[in-house]
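# Summary of structural features
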Amino acid sequence: MNAAVATSVFAAFMVATVALGLLAVRGRGNRGRDGLAEWSVGGRNLGTVFIWVLMAGEGYTSFSYLGAAGWGYNYGAPVLYVVAYMSCGYAVGYVVGPMLWAYARRHGLVGITDMVAHRFGRPWLGALVAVLATVFLLPYIQLQITGMGVVVSTISYGAISLNWAYFIAFAVTTGFVVVSGLRGSAWVSVLKDVLVIATLGFLACYVPMHYFDGYGPFLDRLVTEKSEWLTFPGHGDSGLGQAWFITTSFLNSLTVVIFPTTVAGYLGAKNADVLRRNAMWLPGYNVLLFVPMLLGMAALFVVPGLVGAESNLALFKLVVDSLPAWAVGVIGVAAALSSIVPMAVFMLVIGTMWGRSVLSLVPRWQQRQKGAAQTVVVAAGVIALVLTYTAPNTLVRLSLISYEGMAQLLPMVLLGLMWRRLTLLGAMAGLVVGVGVVCGFVFTENDPVWGVNAGIVALGANLAVALAVTYAGPREHDDRPDGDVLARDEPGERQETAESRKPELSGVAVSEASDAPAGA
């Protein structure tokens, strides 16, 4: 009976989610170049509220319900890196977001692959970055499938096996993103945020009162019996000390602003001021992250003995053991939507990168970019689902692999868009070294290395090689003015629309753009 009630609540909300996604895109353009822009970046006209909930949705995923609680259960204090890097990332995004928005708006671009192709004048470079970014984004999609699968299986009280739960997560999200695109994700984010705030606010009060008679007794017991969880490096021989915390927070705060999903949020905004307001408001959402972290440590006393991937169930063990089935269903919906929204955006971004920068190089696909992108979405989802079955891993480790790999694109994307001297050969050499170093550390299980995040060691090598090759090699000849090559955000300048520029579909430089005002 409990399983039937909880799964019925869950199923009803999933139907409502798909319906909301369909409603969001009703009557919107869906053909040609405009169709791809509408599907991938919401037609570039999402307002402050939609951008806020969409980007908050990317930061508050199934990891927040499961991985954060699991790390709180296993280690304690090191999990606070999530709050640190996201808050710092929003500060960096206050500056970087409007720059990327203005650059993409001016040249009619829809992602970072377009940007690097345009910056260096090489369409094939966009394709290369699309392939590399996909490799590092797939683990994050796998993370969300795993998280949602765990939620579905748990709220069904075991009636739905994990294998079937993973497939349900894949099927619902793939169908949703193919139909609704970025705009649908933004609409569903509103529903998700209402449920997340309500459920976490309730659990923050309920769990300490129900199990410990209040926060005072809970915190007293935590300090007395589990003090190791409250200091670095946390419980056990994790190697997650202060140096790791600082380097991981720093690396991730830089990486998050060029993460393809974050950039998709940037490019969906109707103007740069929306992004600035969004960067000021988003840190307030991070307060919610303290709840699963703290409740994960509360689970140490209620459900001791969880090991490995079972620790990801710490929060839901408290929920299932003490709440009625309908409440379990509602909390499960909030956690599931926290998987669907970011997973949809990740899949959408992969599809857009391939449809725009890879398959568009094939003549027959140039005028069918949206269809190509939607096909890639399904393929990416299938690959991530297969990886979920064949190569399972803990949620946080999957997240760290994604960030450490994507960080190696920082010199090419961010430095390249701000410093014209950086050459293609320098950027490529640095990227090869950085990716090689980070893969070497990760696959030999030497992360952290020397007490710090392996990704930042790889990024240091990446940047050093990029600068050395740039200064040692010849200057590249490019007749385009700085305003066509570099990304700038000058509020006093008039922003021109992509339609007025009429760039080529490949996203590389075109002659019509050469007379535009610098910094538009």
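Residues numbered from 1 in each chain as written. Predicted model: local features only at pLDDT ≥ 70, side-chain atom pairs only at ≥ 80, totals over all residues. Heavy atoms only, no water.

### As for the pattern of salt bridges
Summed over the entire model, instances satisfying the criterion amount to seven salt bridges. Here R420 ties to D478 by a salt bridge, and the two come within 3.8 Å at their closest N and O atoms. With R420 in the loop between α18 (410–418) and α19 (424–443) and D478 in the loop between α20 (454–472) and α21 (482–485), this pair connects stretches of sequence that are 58 residues apart. Its relative accessible area of 31% is what places D478 among the partly exposed residues. A salt bridge links D478 to R480, with the nearest nitrogen and oxygen atoms 2.7 Å apart. (Salt bridge = Lys/Arg side-chain N within 4 Å of Asp/Glu carboxyl O. Helix = DSSP H or I, 4+ residues; strand = E, 2+ residues; numbered from the N terminus. Buried < 20%, exposed > 50% of the residue type's maximum accessible area, 1.4 Å probe, protein only.)

### Observations concerning the nonpolar core
Core analysis: the largest hydrophobic core is formed by 144 residues, its most contacted members being M14, Y65, M115, I141, I145, L409 and M412. When residues in this core are grouped by element, the largest group, 20 residues, is from helix α15 (residues 325–358). (Core = buried A, V, L, I, M, F, W, Y, C linked by side-chain atoms within 4.5 Å.)

### Quick word on a nonpolar patch on the surface
Together, Y94, V95, M280 and W281 line one region of the surface with nonpolar side chains, adding up to about 430 Å² of accessible area. For the nonpolar patch, the secondary-structure elements that each account for two or more residues are α5 (81–107) and α12 (272–281). Locating W281 in the fold gives a position in helix α12. (Patch = residues over 30% accessible without salt bridge, like charges linked within 9 Å, V, L, I, M, F, W, Y side chains within 5 Å. Areas by Shrake-Rupley, 256 points an atom, 1.4 Å probe, with all protein chains shown as cover.)

### Some thoughts on the packing of aromatic side chains
What the rule picks out here adds up to 20 aromatic pairs. On the numbers, 5.9 Å between centres and 20° between planes, the contact of Y81 with Y85 is stacked. Here Y81 pairs with Y85, and both are found in helix α5, just four residues apart, close to one helical turn. Here Y81 and Y85 have matching classes, each one buried. Ring geometry for Y85 against Y403: centres 5.4 Å apart, planes inclined by 65°, an arrangement best described as edge-to-face. Here Y85 is found in helix α5, whereas its partner Y403 is found in helix α17 (residues 395–406), with 318 residues between them in sequence. On the accessibility criterion, Y85 (6% relative accessible area) is buried. A residue is classified by how much of its surface remains accessible, and Y403, at 6% relative accessible area, is buried. Put simply, the rings of W71, Y75, Y81, Y85, Y140, W244, F259, F346 and Y403 pair up and form one aromatic cluster. In this structure, R119 is placed above the aromatic ring of F120, and the distance from its NZ or CZ to the ring centre is 4.4 Å. (Phe/Tyr/Trp six-rings, centres within 6.5 Å; stacked < 30°, edge-to-face > 60°. Lys NZ or Arg CZ within 6 Å of the ring centre and 35° of its normal.)

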